[in-house]
Amino acid sequence: MSGDDDSSGWQLTESDPGVFTELLKTLGVPLVVDDLYSLDSASLAELQPLHALIFLFKWVAGQSSEPSSGGQYDPEFPGFFAHQVVNNACATLAVMNSIANIPGLQMGAQLSELFSFTQGMDPQTCGMALTSSDWLREAHNALSPPSAISLDGLDLPRTSEDAYHFVVYIPYAGSVYELDGLKEAPVRHGEYSEGGEGWVAKAREVIEARIATYPPGALEFSLLAVHDDPIPRLQEQLSQLQAAGHQSEASELVVRLATENSKRERWAFENSLRRHNYLGFIHALLLGMAKAGTLDAVKDGAKKAFQERIEKRKKGEAMDED
Amino acid sequence: MAETRLAFKAGRAFRRGSTNFVDPDPTKGAILLQNGEDGLLHFIWKNRSNNDVEEDLILFPGDATFAKVEQSAWGRTYVLKFSSSDQRHFFWMQDANGSRDEEFVGNVNRLLADPSIVPIWYSEGYNPNSQAAGPSTSTSAPAASSSQAPGSYQATPEELARIRQIVTSLGARGGAPAAEPEPEILLTDVLTPANLRPLFRSNPELVQSLFPHLPPDLPSPPNVETLERIVQSPQFRAAVRNLDMALRTGLLGGLVRTLGLPEEAGTGVEPFLRALQDQARREEGGGDRMETD
């Protein structure tokens, strides 16, 4: 087995837009990541200018290392491309691959230094440089539960949620490129035209073609869009509209801003939940139940629930994995 | 007629070209260890979709071992490796519940070393890696001597009877996993929103006392709705699941001490809950208080 499966202190994170956006904030990058539920023009138009698409899917056995249809390996790719060297770091690696090639991107000093340092490196060395970056690892780990209750040392079975793989699609020098940390080189999927939807039209073709290669229902995937933070722009537009007295358009914007802000609050709530160690809370809850005298009844209920599950399993297909 | 000594769900994994990567094959399968009609131990991999035996390896004592692939991020990948050759067969556990992996793997290795042994199945609540000294702290397991080395185990007569029963049922079912476990308590079934909601609604004092245990950086100050939201969140549920799994390893003696509980509380879910009930009784200041109303 490859030695690069060692977690090297990188904890597993969730692949949630709130997590990615928080990571970008920590890196000093003013971009936002959102779920993309559809690749149709309307959904994409709201998110323009779109800088990268991240395609996440459950790792399917038998993945060949051939590039997906229509693409060709470009080992001479002059931009940034890092190999996935540590599995747990895959989310951060995808973020790095998705933003490193955006021209003129604003970013914090540490990230800027890291990108300078890795310039000209081959993908494997580049991946290792990222993985050995202490501050980057800390920024990454800040988004998962603290290791006091980490189970890495206890050899426990992992859930199947770990098996997500990330592939990044970006525009570069007039073509759409696929950056997959597990492939040997970036894959060039052909040119796009600047007009209309720009590169995303071509990316849509490539992604839809890829999805079509799987039997229907066999692929669990989601799409993330990396784009500019809309809030400053919306706020500016709002002040302009209000100043010009366009009340109805202004109220539409108010609604959009409110929706965006409540989403950010939900992300902030979820991120604070992600970083938290629940041991004290769990202890207090159970103690509370014991003191309220309900723990015995709850325990009996739990035993019954367990028994019912066993019975159900016996009746159903006995050998299916959940 | 071949006698199945043990069986469990497992899939195969194959090396990717000449790389160090091994890719799991999704085909549902099972590993069976059988005493063949030839009197030899067979390590078999069976395809569960069509019941075909696709691998049948004859193994002499000491030929091979079944080891965990430590570098597997997924954590449940194993390799059958041979003492006399470079041959490697990779497998991955397919039972959704991984808590018995150790048990199965331990027995595979015991049989590979000596096909005449009787597989050892853990009774409910028993974990040979438990740090607990003295009498057993779980409800039904027989007492384990505190002087035993971790991992070694001598079956008592009651257990031998149970083991015989399990081995027989294995044969009858033709390779299905061993006898059903007795009802366990999962922490995830204890700390359900349904169990917690009434607690929050009827106990304002408790609610207040819970706030200091919540994340300190919530975007707005907590209230009862926050509590309900949190106990339904995937993050909280994952923490409960993790604590449940960690308790089952029996290795949390040190951690539970930090909660003011005795070390035995870290040896399993039931000991943990019992110790908590003791702690609650002590804090309430009375030993006569009835637990249920």
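Basis of the calculations
- Residues numbered from 1 in each chain as written.
- Chains lettered and ligands numbered in written order.
- Predicted model: local features only at pLDDT ≥ 70, side-chain atom pairs only at ≥ 80, totals over all residues.
- Heavy atoms only, no water.
- pLDDT = per-residue confidence, 0-100.
- Helix = DSSP H or I, 4+ residues; strand = E, 2+ residues; numbered from the N terminus.
- Contact = heavy atoms within 4.5 Å.
- Phe/Tyr/Trp six-rings, centres within 6.5 Å; stacked < 30°, edge-to-face > 60°.
- Buried < 20%, exposed > 50% of the residue type's maximum accessible area, 1.4 Å probe, protein only.
- Axes fitted to C-alpha atoms, helices over the stretch in contact; angles between N-to-C directions.
- Parallel < 35°, antiparallel > 145°, perpendicular 65-115°, else oblique.
- Nonpolar A, V, L, I, M, F, W, Y, C, P; charged D, E, K, R; others polar.
- Salt bridge = Lys/Arg side-chain N within 4 Å of Asp/Glu carboxyl O.
- Expected span 1.5 Å × (residues − 1).
- Arc of directions from axis to C-beta.
- UniProt positions renumbered as here; feature names shortened; annotations may be inferred.
- Polar contact = N/O pair within 3.5 Å; in protein donor to acceptor, adjacent residues only side chain to side chain.
- 1 Å grid on protein atoms, 1.4 Å probe; cavity = no way out; pocket = protein on both sides within 12 Å on 5 of 7 lines; lining within 4 Å.
- Points joined across faces, edges and corners; volume = space filled by probe spheres on them.
- Left-handed = near helix turned anticlockwise from the far one by under 90°.

Asks: Explain the confidence of the model for chain B here, please?
Replies: Regions with low pLDDT carry predicted coordinates that are not meant to be interpreted in detail. Residue and element names in this part refer to chain B. In the predicted model, chain B carries a mean pLDDT of 78, and 75% of its residues have values of at least 70. Highest mean pLDDT in chain B belongs to helix 6 (residues 224-232) (95); lowest belongs to helix 2 (residues 157-173) (54). Across residues 171-181, where pLDDT falls below 50, the model places 20 contacts with residues more than four positions away in sequence or in other chains. Note on residues 287-293: pLDDT is under 50 here. Beyond four places in sequence and across chains, it has 15 contacts. In the predicted complex, the global pTM is 0.64; the interface-specific ipTM is 0.77.

Asks: Please clarify how the packing of aromatic side chains should be interpreted in this entry.
Replies: What describes a pair of aromatic rings is the distance from one ring centre to the other and the angle between the planes of the rings. Counted under the stated rule, the structure contains 15 aromatic pairs over all chains. Look at Phe 55 of chain A and Phe 221 of chain A: their rings are 5.5 Å apart centre to centre, the planes differ by 40°, and that puts the pair in the tilted class. Placement of Phe 55 of chain A in strand 2 (residues 50-58) and of Phe 221 of chain A in strand 7 (residues 221-228) is noted, with a sequence separation of 166 residues between them. On the accessibility criterion, Phe 221 of chain A (35% relative accessible area) is partly exposed. For the pair Phe 66 of chain B and Phe 91 of chain B, a centre-to-centre distance of 6.1 Å together with 45° between the ring planes defines the contact as tilted. Of this pair, Phe 66 of chain B sits in strand 6 (residues 64-68) while Phe 91 of chain B is found in strand 8 (residues 88-93), placing the two residues 25 residues apart along the sequence. The pair Phe 66 of chain B / Phe 91 of chain B is uniform in exposure class, with both members buried. Feature note: the residues Phe 8, Phe 43, Phe 66, Tyr 78, Phe 91 and Phe 104 of chain B constitute an aromatic cluster, connected by ring pairs.

Asks: What is the right way to look at the packing of helix 1 (residues 17-26) of chain A against helix 9 (residues 247-274) of chain A in this model?
Replies: Helix-helix packing is described using two parameters, namely the angle between the two axes and the distance between the axes. All names here are of chain A. Where helix 1 meets helix 9, the closest approach of the two axes is 9 Å, and the angle between their N-to-C directions is 85°. The orientation of helix 1 relative to helix 9 falls into the category roughly perpendicular. Judged by residue contacts, Pro 17, Gly 18, Val 19, Thr 21 and Glu 22 of helix 1 engage Trp 267, Asn 271 and Arg 274 from helix 9. Grouping the constituent residues of the contact of helix 1 with helix 9 by class yields 3 nonpolar, 3 polar and 2 charged.

Asks: What is the right way to look at the pattern of salt bridges in this model?
Replies: Once the charged atoms of two side chains with opposite charge are near each other, the side chains can pair. Residues and elements named next belong to chain A. Taken as a whole and assessed by the stated rule, the structure comprises 30 salt bridges over all chains. A salt bridge links Glu 22 to Lys 25, with the nearest nitrogen and oxygen atoms 3.9 Å apart. Here Glu 22 pairs with Lys 25, and both are found in helix 1, just 3 residues apart, close to one helical turn. Since its relative accessible area comes to 60%, Lys 25 is described here as exposed. A salt bridge links Arg 264 to Glu 260, with the shortest nitrogen-to-oxygen separation between them at 3.0 Å. Placement of both Arg 264 and Glu 260 in helix 9 is noted, with a separation of 4 residues, approximately one turn of the helix.

Asks: How should helix 8 (residues 230-243) of chain A be read in this particular structure?
Replies: For the α-helix, the turn length of 3.6 residues means that residues three or four positions removed from each other point alike. All names here are of chain A. The terminal C-alpha atoms of helix 8, which comprises 14 residues, lie 20 Å apart, in line with the 20 Å expected from a rise of 1.5 Å per residue. Burial in helix 8 covers these residues: Pro 230, Ile 231, Leu 234, Leu 238 and Leu 241. Down the axis of helix 8, the buried side of the element spans an arc of 90°, and every buried residue falls inside it. Relative to its buried face, helix 8 has exposed residues pointing more than 90 degrees away, namely Glu 236 and Ala 243. Of the surrounding elements, those touching the buried residues of helix 8 are strand 7 and helix 9.

Asks: Would you take a moment to explain the UniProt feature "site: Transition state stabilizer" (unreviewed entry) in chain A for this structure?
Replies: Here, UniProt's "site: Transition state stabilizer" (unreviewed entry) annotation points to Gln 84 of chain A. At a separation of 3.1 Å, a polar atom in the side chain of Gln 84 of chain A contacts the side chain of Asn 87 of chain A.

Asks: Is there a simple way to explain empty space enclosed by the protein in this structure?
Replies: Space left empty within the atom packing is revealed by a probe, the size of a water molecule, rolled over the atoms. Residue and element names in this part refer to chain A. Inspection of every chain in the model, using the stated rule, returns 3 cavities of 30 Å³ or more. Roughly 70 Å³ of volume is contained in the largest cavity. Lining of the largest cavity is provided by 14 residues; of these, Trp 10, Ala 89, Leu 93, Leu 130 and Thr 131 occupy positions nearest its centre. Elements with a contribution of two residues or more to the lining of the largest cavity: helix 3 (90-99) and helix 5 (123-131). When grouped by side-chain class, the residues that make up the lining of the largest cavity number 9 nonpolar, 5 polar and no charged.

Asks: Honestly, the environment of Gly 18 of chain A in this entry has me stumped. Any pointers?
Replies: Residue and element names in this part refer to chain A. Note on placement: Gly 18 falls in helix 1. When the C-alpha positions of Gly 18 and Glu 270 are compared, they lie 7.7 Å apart, and in sequence the two are 252 residues distant. The contact partners of Gly 18, leaving out residues within four places of it in the chain, are Trp 267 and Asn 271.

Asks: Mind showing me how you'd approach the packing of helix 9 of chain A against helix 6 of chain B here?
Replies: It is at 11 Å that the axes of helix 9 of chain A and helix 6 of chain B come closest, and there the two elements cross at 65°. Between helix 9 of chain A and helix 6 of chain B the crossing geometry is right-handed. Side by side, helix 9 of chain A and helix 6 of chain B meet where Arg 266, Phe 269 and Leu 273 of chain A of the first sit next to Thr 226, Arg 229 and Ile 230 of chain B of the second. Of the residues assigned to the contact of helix 9 of chain A with helix 6 of chain B, the class counts are 3 nonpolar, 1 polar and 2 charged.

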